[in-house]
Each structure stands twice: as structure tokens, then as C-alpha cells.
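Inside the fold
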Amino acid sequence: MYSAKVMEHFQNPRNVGEIEDADGVGEIGNPVCGDIMKLYIKVKDNRIVDAKFKTFGCGAAIATSSMVTELVKGKTLREAEKISRNTVAEALDGLPPIKMHCSNLAADALRKAIEDYKKKRN
Amino acid sequence: MKKIYLDHNATTPLHPEVLEAMLPYFKEKFGNASSIYGFGRDAKVALEDAREKTAEIIGASSSEIFFTSGGTESDNLAIKGTAFANRKKGKHIITSKIEHHAILESCKFLEKEGFEVTYLPVDSQGKVDPEDLRKAIRDDTTLVSIMYANNEVGIIQPIEKLCKIAREKGVYFHTDAVQAVGKIPIEVQKLDVDMLSMSGHKIYGPKGVGAIFIRKGLRITPWSHGGHHERSRRAGTENIAGIVGFTKALELVDKEREDQNKHLKNLTQAFYRKLVESIPDVILHGDLNRRIPNTLNLSFKGVEGESVILSLDMKGVAVASGSACTSGTLEPSHVLSAMGVAPEIAQGAIRFSFGRDNTMEDVEYVASVLPEIVQRLRSMSPIYAKKEQN
């Protein structure tokens, strides 16, 4: 049911962990639907220089978390804001339909982390 | 790679002797049991022989056994058939919150048709309190349906006690015994149930066949209309090969029950002990002593179920989960929720259901690969705090 790429990211997720002095943190999900994700970003000169995540969730939740940290590194905040659920799913060669809704939270977590960064700066 | 199947509550492999018994009915004995010539008579003899054997094993008379396409159909017939046949007496039905979806969805259908359904709660160990049943029965109650053994956690209900209460109040009692057959001796007279559902593929028989015991004299509306098959309770040409296979499977699990129960209890207990020793924060769902011996339902705190299934699958191990992700819904297991298990723990529940072909070697292998899987997933989990990790 999962693409090879999803399974690869599930088995070898990139950028697992926390950033102690993160510039922005985005948390999303709830235990009832089964996925909780926490995304940390480090920002320098309007560019995301590091990203890490911690995720409680299914294979898709872990793979999308991993993928979003990969996609976002090195991008400017404006570029990063354009990353959508679809961008993440496409980068993983697609997700099963039901997972598009319930376990594709990584892009939302990213947006929250960027909001958090902006709030902290102001 | 090793392949270890630990999902026997989902389905079981066909017993070789069952396949042997079925084969002639796919080949030379292919007749329709309703035909009066030789081919038909052979099929009819096999059908009635199967009915008698099934009846004998559960202590019924052969006219009380009806073959169906499986547990789901048996449950549908019991719930909807009894509700409709007795709707002049009343339109209230009682069941529990932890039933199989075949029961719950049949009840929901009836609610749409103007019936009222009471869903009895269970305690933290998954047990229905007989006193709750007593209080729930009303003058217009016609049917009580409580499962014998639960498919997710394996908890056994006090069916005799529950049934006695229903009997005192003159209410029909049905039990879904799909997971109990082969593990608990089924004696319909001793239990005093009015209806009892069984399935073939949970007992090393074929898929697509099951049976229901319906006590003589019980009013039930058929749900499938057509020819006069199964004493007009269930129209449709009988699946002779399947029925022969079902009966053979039932005979075998009944004969081997005590040895198998011992074997399965050994495996699950050793497995549980090993896991508790090697993994911190293992949560067992349901009473360890009031369960069918092959089933263990466990959560590993801070870890979601599907990710454990996928990880075990990569090691060649097949298990099931109570997580929303694997059920196609967004809610965690209704059984664990009814037992009061917190959502994030229910989302992590893994069901290990052992079977006759599993060995202590399997137990050792799975117990040896699990700690690393849990550790890896916990290291990624935002809800398993660092201080909790070793």
C-alpha cells in the first residue's frame, strides 16, 4: 500500500530529533487520530538552515515528517511556505488516499514552525 | 527471510486434512444438494452428514444448525432476523460496546429502521457486568447479543450468567462465538443460548463458510430469499465443499482443543514474560486470566501501532493493530476505547494472536526483534519523554 519511497523514509528517516535552541517549533496532530508531530527549525538570514522532527504516528506520518525536513533545508522562508501537503506526498511518490487526510501533517507542522519563528522575532 | 504468522484471530491457514476432505466436492462430487438424481443425493448426504456432526459437537440437534457464508452472515441473521420476526413484541435490543462490527453495524441498521439499541459498557478488563444487563432489559426487549470471546483482546464473557438473566426475562440470547470455537468447549444446552454464530476460517477451515445454531421454535425472519435451502432460513445453493471443510475443521479443533490450549498458553505467556523483561512500559489490555489462550493485546507506550506492524513485517512477522490507521477509520479501536484505554495508548495497541503452527522458536524470534523496533520508534516519538527512555 505504501510506495517504496515511503517505506525507505520510514526505515531510514532523515533528521530525527530535537533542536535545543530552535528558532521555530511547530506541533500538530492529536492522539485520537493517531498522529502527533513536532517540527523544529533553525533559521539564518531568512533561510532554514536546519530542521528536525519527532513524530508519533503511522508509516506515512513518519515518512512525511522525514521528507519535509529534507525538502525544507536550505530553502528561504518564502520558498518553504509554499511546501504543501501535495508537495510532500508527491515527493514520496504518492500516499494512499486515506493517508492524504489523516497522516499528511508535516506541511502543516512546517507552517506552524515558520509562524512560531515569525512570532518570536516580532 | 523468516515468516511468522501471528494474526490467527484475523484468519488461519487451512488444515491439510480439511483441504483433503473438501477436494472431492470440487471434483467428482460437485452436485447440487437440491437435485434428486445421484449427483445431488451425494451432495445432500454430505450436507446432512456435516449438519449432524456440527450439531453433535456443540450439543444441538441437527435441525438447529444452519450453514451460512461465515460469521458476519450468521451475526446479521441473528440480529436482524430476530429483531424483525419479534418486532410486534418490542423493538429494543441489547448488545455490548465491544462486539464485532457485524453485530454493531447490524444494530445501527436496525436503529435506522426504528429499533432501539442499548450498548452495554465493559469494565477496564473488558468484561460485561451481568447486573448491567439485568437493569437494561425492558418489557419491549426482544434480543440480547453478547460475544463469547473478543477478537481484539481475547476477553471471555460470562455467557452462562448473562444468558440466564435474559432467559429469566423471556428475552432471546445470541452469542457471537467466532473466536471462542476451538478454544472454549461450546455446549449450547449448558450455555442455554438461543443462537450462536461460528466461522470456518478462524478454525483452520475455509473462508466463506460458517454456521449458526438457532434453537428450535425461535422466531426468525430469513434475510436471504429464494429456494427452500436451510429450512427456508437462508436461500442459496449450499456451498458443499465449504460446509464439509467447516465441519472437518470444527471436528479437528474440538478434538485437539485441550492440547492446543496448553500449547497456545505456553507460547503467549512465555512471549509476554520475555517482552516485559526486555521492553519498559509494556501495557497489557484485558485480564490475563479470563481470555482465550492465543491472544495478547499490548501497547508499547509512546509508539503508534501501524509503525510497529510495518517494522515487524520487514522482519517477516505478521501482527494486527487496534490503531485507526489500519482499520480505515480515524478512531482508535472501539474495544479498547470502551475499556477506558487512553487514545494514544489504544493507537499503539498490537494484537498478537498465536496459532497451532507457531513454536517457541517463533516466540523467541519475535521477542528478540521487538525491543529494537520499539526503541527506534520511541526515539522518534514526541510523546515518549527522554527521562522515560533507558
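The structure presented is a predicted model; accordingly, all values stated were derived computationally and were not measured.

The next thing to look at is the overall build of chain A. Helices and strands together make up the secondary structure of chain A, namely six helices and three strands. Traced from its N-terminal end to its C-terminal end, chain A shows the element sequence α-β-β-β-α-α-α-α-α. Computed over its C-alpha atoms, the radius of gyration of chain A comes to 13 Å, within 12% of the 14 Å expected for a compact globule of 122 residues. Per-residue burial for chain A yields a buried fraction of 47% across its 122 residues. Within chain A, residue pairs in contact and separated by at least 24 positions form 63% of the contacts whose partners lie at least 6 positions apart.

Residues and elements named next belong to chain B. Residue position: Glu152 is located in the loop between strand S5 (141-145) and helix H6 (159-168). Using a count of 25 C-beta atoms within 10 Å as the deciding quantity, one classes Glu152 as buried. A sequence separation of 27 residues divides Glu152 from Gln179, and the C-alpha atoms of the two residues are 9.7 Å apart.

Attention shifts here to the interface of chain A and chain B. Contacts between chain A and chain B engage 19 residues on the former and 19 residues on the latter. Mapped onto the side of chain A that touches chain B, the elements with two or more residues apiece are strand S2 (35-44), strand S3 (47-56), helix H2 (59-72) and helix H5 (97-102) of chain A. Per-element accounting of the side of chain A that touches chain B gives the leading share, three residues, to S3 of chain A. Its residues assigned to classes, the side of chain A that touches chain B comprises twelve nonpolar, five polar and two charged.

This next bit is on the environment of Val317 of chain B. Residue and element names in this part refer to chain B. In this structure, Val317 sits in strand S11 (residues 317-318). By the C-beta count within 10 Å, which is 24 here, Val317 ends up buried. A sequence separation of 49 residues divides Val317 from Val366, and the C-alpha atoms of the two residues are 7.3 Å apart. Those residues in contact with Val317 that sit more than four places away from it in its chain are Ile4, Leu6, Leu312 and Val366.

Residue and element names in this part refer to chain B. Burial analysis of strand S10 (residues 295-300) places six of its six residues in the buried class, which makes it a mostly covered element. A two-sided burial pattern is seen for S10, the buried positions comprising Thr295, Asn297 and Ser299 on one face and Leu296, Leu298 and Phe300 on the other. In the sheet, strand S9 (residues 282-284) pairs with S10 via three bridges, with the strands oriented antiparallel. By the bridge assignment for S10, Val282 is matched with Phe300. Bridging between S10 and strand S13 (residues 349-353) involves five bridges; their strand directions are antiparallel. Note that in S13 the partner of Thr295 across the bridge is Ser353.

Here we take up the pairing of S3 of chain A. All names here are of chain A. Pairing geometry for S2 and S3, over nine bridges, is antiparallel. Looking at S3, one finds that Met37 is bridged to Thr55. The antiparallel pairing of S2 with S3 creates a hairpin that spans two residues between the two strands, and Asp45 there sits at a positive phi of about 50 degrees.

What follows is about the domain arrangement of chain B. One frequent convention defines the size of an interface as the accessible area lost when the parts assemble. Residue and element names in this part refer to chain B. When cut into domains, chain B gives domain 1 (4-10 + 257-388) and domain 2 (16-252). Each of domain 1 and domain 2 has a C-alpha centre, and the two are 29 Å apart. Taken together, the elements giving at least two residues each to the side of domain 1 that touches domain 2 come down to helix H8 (240-278), S10 and helix H11 (334-338). Ranked by residues supplied to the side of domain 1 that touches domain 2, first place goes to H11 with three residues. A class-by-class count of the residues in the side of domain 1 that touches domain 2 yields five nonpolar, eleven polar and six charged.

All right, on to H2 of chain A then. Because the α-helix completes a turn every 3.6 residues, residues three or four places apart line up on one side. Residues and elements named next belong to chain A. Between its first and last C-alpha, H2 extends 20 Å over 14 residues, near the 20 Å set by a 1.5 Å rise per residue. Within H2, 13 of the 14 residues are buried, which leaves it mostly tucked inside the rest of the structure. After H2 finishes, the residue Gly74 shows a positive phi value of roughly 90 degrees.

What follows concerns helix H3 (residues 71-85) of chain B. Here H3 of chain B contains 15 residues, and its C-alpha end-to-end distance of 21 Å stays within 8% of the 21 Å for a straight helix at 1.5 Å per residue. The element H3 of chain B is extensively covered by neighbouring structure, given that 13 of its 15 residues are classed as buried.

Quick look at the packing of H8 of chain B against helix H13 (residues 360-380) of chain B now. Residue and element names in this part refer to chain B. The N-to-C vectors of H8 and H13 enclose an angle of 20 degrees; their axes lie 10 Å apart at closest approach. Taken together, H8 and H13 sit at an angle that is classed as roughly parallel. At the point where H8 passes H13, the crossing takes the right-handed sense. Here Leu267, Ala270, Phe271, Lys274, Leu275 and Ser278 of H8 lie close against H13, whose contacting residues are Met360, Val363, Ala367, Leu370 and Pro371. Here the residues of the contact of H8 with H13 sort into nine nonpolar, one polar and one charged.

How each quantity is defined
- Residues numbered from 1 in each chain as written.
- Chains lettered and ligands numbered in written order.
- Predicted model: local features only at pLDDT ≥ 70, side-chain atom pairs only at ≥ 80, totals over all residues.
- Helix = DSSP H or I, 4+ residues; strand = E, 2+ residues; numbered from the N terminus.
- Rg over C-alpha atoms; globule rule 2.2 N^0.38 Å.
- Buried ≥ 20, exposed ≤ 12 C-beta atoms within 10 Å, placed from the backbone.
- Contact = placed C-beta atoms within 7 Å.
- Nonpolar A, V, L, I, M, F, W, Y, C, P; charged D, E, K, R; others polar.
- Pairing = 2+ DSSP bridges.
- Domains from an automatic or database assignment.
- Expected span 1.5 Å × (residues − 1).
- Axes fitted to C-alpha atoms, helices over the stretch in contact; angles between N-to-C directions.
- Parallel < 35°, antiparallel > 145°, perpendicular 65-115°, else oblique.
- Left-handed = near helix turned anticlockwise from the far one by under 90°.

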